[in-house]
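Breakdown of the fold
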Amino acid sequence: MSDVAAPAASTWTPSAAQNLEKVLWVRHWTDRLFSFAITRPESFRFRSGEFVMIGLPPAPGESKPILRAYSIASPSFAEELEFLSIKVQDGPLTSRLQHIQPGDDVLLGKKPTGTLVLDAVRPGKRLFLFGTGTGLAPFLSVARDPDAYSNFEQVIVGHGVREVNELAYRDLFTQDIFEDPLVGEEARQQLVYYPTVTREPFERQGRFTDLISSGQLFRDLGLEGVTFNRDEDRIMLCGSMDFIKDMAALCESHGLVEGSNAEPGDYVLERAFVG
Ligand code: A2P
């Protein structure tokens with residue numbers, strides 16, 4: 001047969017590199033931001049803070065799925081896989097992904113990876129997790145992992161957004177995490193939530209770069225020194241390209257050294273999912 005038609009979407013099957021999983025729940029934070037969770041295959045292992053490819057089966061008339069890298073927002077031992085996503089009206093993936101409902105199919109890559117993991121930072125006293133926008137996602141995973149609290153005396157979750165309503169997971173960090181059976185007690189003693197808003201009034205305003213350069217962040221945390229200290233401070237960064245570039249430069253100017261899985265260091269970074 002020479003004129004075989006392209007397979008209909010219903011006959012499409014995932015490649016050997018992907019699993020087909022089911023949506024468990026969806027939560028819309030704003031018209032630009034939502035979270036969702038999918039089933040976790042038993043064979044799927046990851047370290048808190050890693051990312052994985054996520055996608056949707058091809059729409060009718062399309063032959064290939066569109067996949068994007070997403071940080072996993074749930075911790076490594078969780079039964080479900082949670083994600084935080086923006087909604088881009090003409091985005092190749094998120095224009096469709098924002099409409100998913102419980103029971104729908106989502107594609108999950110089989111190889112999670114990433115550097116925003118505890119293995120990539122040297123032991124220290126304080127762990128700073130700075131995320132802007134959806135860059136909070138990997139830190140939702142790390143901050144719900146008991147290892148963060150056994151490795152560090154203090155875990156600081158910094159979330160920077162333009163508008164107050166983009167402070168997704170505020171309830172988690174101001175109350176729910178303290179009731180968590182696994183990390184609640186540690187979080188009560190060791191976790192500090194540090195949200196900041198840049199484009200409307202809020203209890204704390206300004207970019208992290210400015211809050212750090214001015215020393216305000218350190219004063220807010222009651223720390224003696226008003227800079228990062230290479231002996232004690234470890235930093236993870238996730239956000240826009242500009243954000244991680246400027247924050248990395250700031251870290252370097254404090255003498256901090258970038259780490260990787262092969263060679264743990266003082267700070268690590270990753271660009272947040274964008275399109
Ligand atoms: P701003 O409102 O001053 O641009 P975005 O949605 O653009 O990724 O921004 C999310 C948050 O990160 C905003 O509060 C934004 O502040 C801040 N931000 C953006 N770029 C940088 C940067 N280069 N350094 C520090 N903060 C940044």
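Provided above is the structure to which this section pertains.
Residues numbered from 1 in each chain as written. Predicted model: local features only at pLDDT ≥ 70, side-chain atom pairs only at ≥ 80, totals over all residues. Heavy atoms only, no water.

Concerning the overall build of the protein chain
Across its full length, the protein chain carries 8 helices and 11 strands. Its C-alpha atoms give the protein chain a radius of gyration of 20 Å, within 12% of the compact-globule value 19 Å for 275 residues. Overall, the protein chain is about 75 × 40 × 35 Å in size when its C-alpha atoms are taken along their principal axes. In the protein chain, which comprises 275 residues, the proportion classed as buried is 51%. Counting contacts in the protein chain only where the partners sit at least 6 residues apart, residues at least 24 apart contribute 72% of the total. Entry remark: accessible area of the protein chain is about 13100 Å², with carbon and sulfur atoms responsible for 48%. Taking the average location of the 27 positive side-chain charges in the protein chain and that of its 39 negative ones, the two points are 4 Å from each other. (Helix = DSSP H or I, 4+ residues; strand = E, 2+ residues; numbered from the N terminus. Rg over C-alpha atoms; globule rule 2.2 N^0.38 Å. Buried < 20%, exposed > 50% of the residue type's maximum accessible area, 1.4 Å probe, protein only. Contact = heavy atoms within 4.5 Å. Areas by Shrake-Rupley, 256 points an atom, 1.4 Å probe, with all protein chains shown as cover. Lys, Arg positive; Asp, Glu negative; His and termini not counted. Charge placed at Lys NZ, Arg CZ, Asp CG, Glu CD.)

Here we look at the site of the ligand
Surveying the vicinity of the ligand reveals the residues Thr-132, Gly-160, Val-161, Arg-162, Thr-198, Arg-199, Arg-207, Thr-209, Asp-242, Phe-243 and Asp-246. Within the backbone of Asp-242, a nitrogen or oxygen atom sits 3.3 Å from a nitrogen atom of the ligand. Residue Asp-246 places a side-chain N or O atom 2.8 Å away from a nitrogen atom belonging to the ligand. Burial of the ligand by the protein chains amounts to 82% of its free accessible area of 550 Å². Secondary structure elements with two or more residues in the shell around the ligand: strand 8 (154–161) and helix 8 (241–253). Among the elements that make up the shell around the ligand, the one with the highest residue count is helix 8 (3 residues). Residues belonging to the shell around the ligand are distributed by class as follows: 2 nonpolar, 4 polar and 5 charged. (Near = heavy atom within 4 Å. Polar contact = N/O pair within 3.5 Å; in protein donor to acceptor, adjacent residues only side chain to side chain. Nonpolar A, V, L, I, M, F, W, Y, C, P; charged D, E, K, R; others polar.)

Here we look at the sheet that holds strand 4 (residues 66–71)
Spatially, 4-3-6-1-2-5 is the arrangement adopted by the 6 strands of the open sheet, whose pairing is antiparallel. Each edge of the open sheet carries a strand with a single partner, namely strand 4 and strand 5 (80–86). Within this sheet the neighbouring strands show an average axis-to-axis angle of 40°, counted without direction. Pairing between strand 3 (residues 51–56) and strand 6 (residues 105–109): 2 bridges, direction antiparallel. Looking across to strand 6, one finds that Gly-55 is bridged to Leu-107. (Pairing = 2+ DSSP bridges. Axes fitted to C-alpha atoms, helices over the stretch in contact; angles between N-to-C directions.)

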